[in-house]
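Results of the structural survey
In case you want the letters, here they are:
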Amino acid sequence: MSGYSLEQVRGLIRDIPDFPKKGILFKDITPVLASPGALSFLCEQLAKPFQSKGIKKVMAIESRGFFFGTGVAERLGAGLIPVRKAGKLPWQTVQESYALEYGEAVLEVHRDAISAGEKVLLIDDVLATGGTLRAAKSLALQLGGEVMGAACLLEIDFLKGRRALDGLPIHTLWSV
């Protein structure tokens, strides 16, 4: 174990007002990423509730979800699926459009990323409106996966993102 607590690691996350645009309070996790012990601790905390769920694939959502998805997949003995913005993957893909709190985008994964019936865990850094996780969930379902839950560092409560996920089990480390 790294010797960190959730409270200590939360203290490393800094608030950046008006980024990427006015009115958004951005949660900067780069100080956490710079601390190997803190990063390892967070991956362990994100994986913990799913250790006995038979997860076969972890879908890590671009881009900040990649940092945690890799460590969570390793801890669960699962494969990693990068969920990318449109046009970033080199092979045949399936796509899903979604809305953010500050825009719109399209996510995609490779068509062969999930086999029918595989249990999938979604990983992202922040649960805000739920649009990104909803799109990733839809991609997993299109490919025949069984989505077991989602894990995020932070949840922005007032945006009520859980509502968009239709009762999907969601594990977050902090609410703001």
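Everything in this summary refers to the structure shown in the same document. (Residues numbered from 1 in each chain as written. Predicted model: local features only at pLDDT ≥ 70, side-chain atom pairs only at ≥ 80, totals over all residues. Heavy atoms only, no water.)

1. Some remarks on the overall build of the protein chain
In terms of regular secondary structure, the protein chain is built from 5 helices and 9 strands. For the protein chain, the N- to C-terminal ordering of α and β elements is α-β-β-α-α-β-α-β-β-β-β-α-β-β. Computed over its C-alpha atoms, the radius of gyration of the protein chain comes to 15 Å, within 12% of the 16 Å expected for a compact globule of 176 residues. On the principal axes, the C-alpha backbone points of the protein chain span a range of 40 × 40 × 30 Å. Counting over 176 residues, the protein chain shows a buried share of 47%. Put simply, of all contacts in the protein chain between residues at least 6 apart along the chain, 60% involve residues at least 24 apart. Just so you have it, the protein chain exposes about 8400 Å², and 51% of that area is on carbon and sulfur atoms. Computed over 21 positive and 19 negative side-chain charges, the separation of the two mean positions in the protein chain equals 1 Å. (Helix = DSSP H or I, 4+ residues; strand = E, 2+ residues; numbered from the N terminus. Rg over C-alpha atoms; globule rule 2.2 N^0.38 Å. Buried < 20%, exposed > 50% of the residue type's maximum accessible area, 1.4 Å probe, protein only. Contact = heavy atoms within 4.5 Å. Areas by Shrake-Rupley, 256 points an atom, 1.4 Å probe, with all protein chains shown as cover. Lys, Arg positive; Asp, Glu negative; His and termini not counted. Charge placed at Lys NZ, Arg CZ, Asp CG, Glu CD.)

2. Brief notes about the packing of helix H3 (residues 36–47) against helix H4 (residues 64–76)
Two packed helices can be described by the angle between their axes and the distance between those axes. The N-to-C vectors of H3 and H4 enclose an angle of 60°; their axes lie 8 Å apart at closest approach. Accordingly, the angle class assigned to the pair H3 and H4 is oblique. Note that H3 runs across H4; the crossing there is right-handed. Residues Leu39, Ser40, Leu42, Cys43, Glu44, Leu46 and Ala47 of H3 form the contact with H4, whose participating residues are Phe67, Phe68, Gly71, Val72, Arg75 and Leu76. Residues that form the contact of H3 with H4 fall into these classes: 9 nonpolar, 2 polar and 2 charged. (Axes fitted to C-alpha atoms, helices over the stretch in contact; angles between N-to-C directions. Parallel < 35°, antiparallel > 145°, perpendicular 65-115°, else oblique. Left-handed = near helix turned anticlockwise from the far one by under 90°. Nonpolar A, V, L, I, M, F, W, Y, C, P; charged D, E, K, R; others polar.)

3. What to know about the nonpolar core
Counting 29 residues, the largest nonpolar core has Leu42, Val58, Val72, Leu76 and Leu153 as the members making the most contacts within it. Counting only elements with at least two residues in this core, the list comes to H3, H4, strand E7 (119–127), strand E8 (146–155) and strand E9 (170–175). A per-element tally of this core places H3 first, with 6 residues. With residues near it in sequence (within four places) discarded, Val72 still touches Cys43, Leu46, Ala47, Val58, Leu121 and Ile123. Residues Tyr98, Leu122, Val147 and Leu168 belong to the second largest nonpolar core, which totals 25 residues. (Core = buried A, V, L, I, M, F, W, Y, C linked by side-chain atoms within 4.5 Å.)

4. Observations regarding H3
Relative to the 16 Å expected for 12 residues at 1.5 Å per residue, H3 spans 17 Å between its end C-alpha atoms, a close match to the ideal helical length. Where H3 is buried, its residues touch helix H1 (6–10), helix H2 (30–33), H4, E8 and E9. (Expected span 1.5 Å × (residues − 1).)

5. Here we look at the pattern of salt bridges
For side chains of opposite charge, pairing can occur when their charged atoms come near one another. Within this structure, the stated rule accounts for 8 salt bridges. Asp15 serves as the salt-bridge partner of Lys27, at 2.6 Å between the closest nitrogen and oxygen. Taken together, the positions of Lys27 in strand E2 (residues 25–28) and Asp15 in strand E1 (residues 14–17) put the pair 12 residues apart, joining distant regions of the chain. For Asp15, a relative accessible area of 38% translates into the label partly exposed. Of the charged contacts in the structure, one is a salt bridge between Arg75 and Glu74, with a shortest N-O distance of 3.7 Å. Salt bridges here are not isolated pairs; linked through shared partners, they connect Glu44, Glu74 and Arg75. (Salt bridge = Lys/Arg side-chain N within 4 Å of Asp/Glu carboxyl O.)

6. Some remarks on the packing of aromatic side chains
Scanning all chains against the criterion turns up 1 aromatic pair. Look at Phe19 and Phe26: their rings are 5.1 Å apart centre to centre, the planes differ by 80°, and that puts the pair in the edge-to-face class. (Phe/Tyr/Trp six-rings, centres within 6.5 Å; stacked < 30°, edge-to-face > 60°.)

Without other data, these values stay purely geometric and don't point to any function.
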